[in-house]
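Secondary and tertiary structure notes
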Amino acid sequence: MAIPKGFGQRGGGRAGPGTELEKAFLTATAAPPAKALLGHFAMTHRRASPAAASLYTPNGQRKYLTPGERARFVAAAANWPPTIETLCLTLVWTGCRISEALDLTRADLDAEDGIVAVRCLKKRRPGIVREVPVPSAFLDSLLRVHQPGKPQERLWGIARNTGWRYVKDVMQDAGIVGVAASPKGLRHGFGVHALRSGVPLNLLQRWLGHADIATTAIYANAVGAEEREIAARMW
């Protein structure tokens, strides 16, 4: 899948952190074990789990961002102040919930290993942390924008509703509307994109912080390029 023209470009033609990152995601290839695991859970949980239809609302509206919408969102975020851009990119590249993003501190950024440590705020038990690998260009940008300070100081000192509003405003600038135009739409988009890129289902489960792998398996219901290619043989 080609990178949309102008994706990740800032004013003046300088490439933003999104460009290299999107290439890394889109060029990922699926290993056979991942394909087998994906197919198994796609078939099993479509039959067994009522959550299988949760990528759409009861009236059929899509809840996740498509690759093109994700690209437009990242490009639009580059036109906002750096701290807002990094918040938007954190949601794009980690798949975390907005409350989890706003809870991140400088101590959660590991430049050496290239990971962001996300505290799972939805868990009943405290202290559960998941380490999400992120591309170096994004992490470098995060460290550059949020200058050194106290290790436990939060990166964004804003309330959840303020962060949510910023994301909605960037969505509007990107021309994205509907149910998917939200932080949750970015999280769903991360899940769909990861599986389409060949990320094993159990690994995606860990990155998203799902207690049940059946929840992660709903992302297998999104139609991807391979499924369209198979369907095209009938046309």
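This report concerns the structure included in the present document. Note that the structure is predicted; figures quoted are calculated from it, not measured. (Residues numbered from 1 in each chain as written. Predicted model: local features only at pLDDT ≥ 70, side-chain atom pairs only at ≥ 80, totals over all residues. Heavy atoms only, no water.)

When helices and strands are counted, the chain shows 11 helices and 3 strands. Across the 235 residues of the chain, 49% fall into the buried class. A separation of at least 24 residues holds for 63% of the contacts in the chain among residues at least 6 apart in sequence. Entry remark: accessible area of the chain is about 11,900 Å², with carbon and sulfur atoms responsible for 56%. (Helix = DSSP H or I, 4+ residues; strand = E, 2+ residues; numbered from the N terminus. Buried < 20%, exposed > 50% of the residue type's maximum accessible area, 1.4 Å probe, protein only. Contact = heavy atoms within 4.5 Å. Areas by Shrake-Rupley, 256 points an atom, 1.4 Å probe, with all protein chains shown as cover.)

With that out of the way, let us pick up the sheet that holds strand β3 (residues 129–133). With antiparallel pairing, the 3 strands of this open sheet are ordered in space as β1-β2-β3. For this open sheet the edge positions go to β1 (109–110) and β3, each flanked by a neighbour on one side alone. Inspection of the sheet shows strand β2 (residues 115–119) paired to β3 by 5 bridges, in the antiparallel sense. Within β3, the position partnered with Ile 115 by the bridge is Pro 133. (Pairing = 2+ DSSP bridges.)

The next thing to look at is the packing of aromatic side chains. Where two aromatic rings form a pair, the distance of their centres and the angle of their planes describe that pair. Counted under the stated rule, the structure contains 2 aromatic pairs. Between Tyr 56 and Tyr 64 the ring centres are 6.3 Å apart and the planes differ by 85 degrees, which places this aromatic pair in the edge-to-face class. Note on Phe 190 and Trp 207: the rings are 6.5 Å apart at their centroids and 55 degrees apart in plane angle, and the pair reads as tilted. With Phe 190 in helix α8 (residues 183–196) and Trp 207 in helix α9 (residues 201–208), this pair connects stretches of sequence that are 17 residues apart. Across the pair, Trp 207 and Phe 190 agree in class, each one buried. Positioned above the aromatic ring of Tyr 64, the side-chain terminus of Arg 62 is 5.5 Å from the ring centre. A cation over an aromatic ring shows up here: Arg 165 above the ring of Tyr 166, its NZ or CZ 5.9 Å from the ring centre. (Phe/Tyr/Trp six-rings, centres within 6.5 Å; stacked < 30°, edge-to-face > 60°. Lys NZ or Arg CZ within 6 Å of the ring centre and 35° of its normal.)

It is worth spelling out the side chain of Asp 103 at this point. In this structure, Asp 103 sits in the loop between α5 (98–102) and β1. A relative accessible area of 13% places Asp 103 in the buried class. Discounting residues that sit within four places of it in the chain, Asp 103 has contacts with Asp 108, Arg 119, Leu 121 and Arg 154.

What follows deals with helix α4 (residues 82–94). Compared with the 18 Å implied by 1.5 Å per residue over 13 residues, the 18 Å span of α4 between its first and last C-alpha is a close match. Within α4, 11 of the 13 residues are buried, leaving the element largely enclosed by the surrounding structure. Residues of α4 that are buried include every one of Ile 84, Glu 85, Thr 86, Leu 87, Cys 88, Leu 89, Thr 90, Leu 91, Val 92, Trp 93 and Thr 94, and no others. Of the residues flanking the end of α4, it is Gly 95, one or two places downstream, whose phi is positive at about 70 degrees. (Expected span 1.5 Å × (residues − 1).)

Here the focus is the pairing of β2. Within a regular beta strand, the side chains point alternately toward one face of the sheet and then the other, so they alternate between its two faces. Extensive coverage of β2 is indicated by the burial of 4 of its 5 residues. Bridge count for β1 against β2 is 2 bridges, and the pairing is antiparallel. Note on β2: the bridge partner recorded for Leu 109 is Val 116. With antiparallel pairing between neighbouring strands as the criterion, β1 and β2 make up a hairpin whose turn holds 4 residues, including Gly 114 at a positive phi of roughly 70 degrees.

That's the geometry; what it means functionally is another story.
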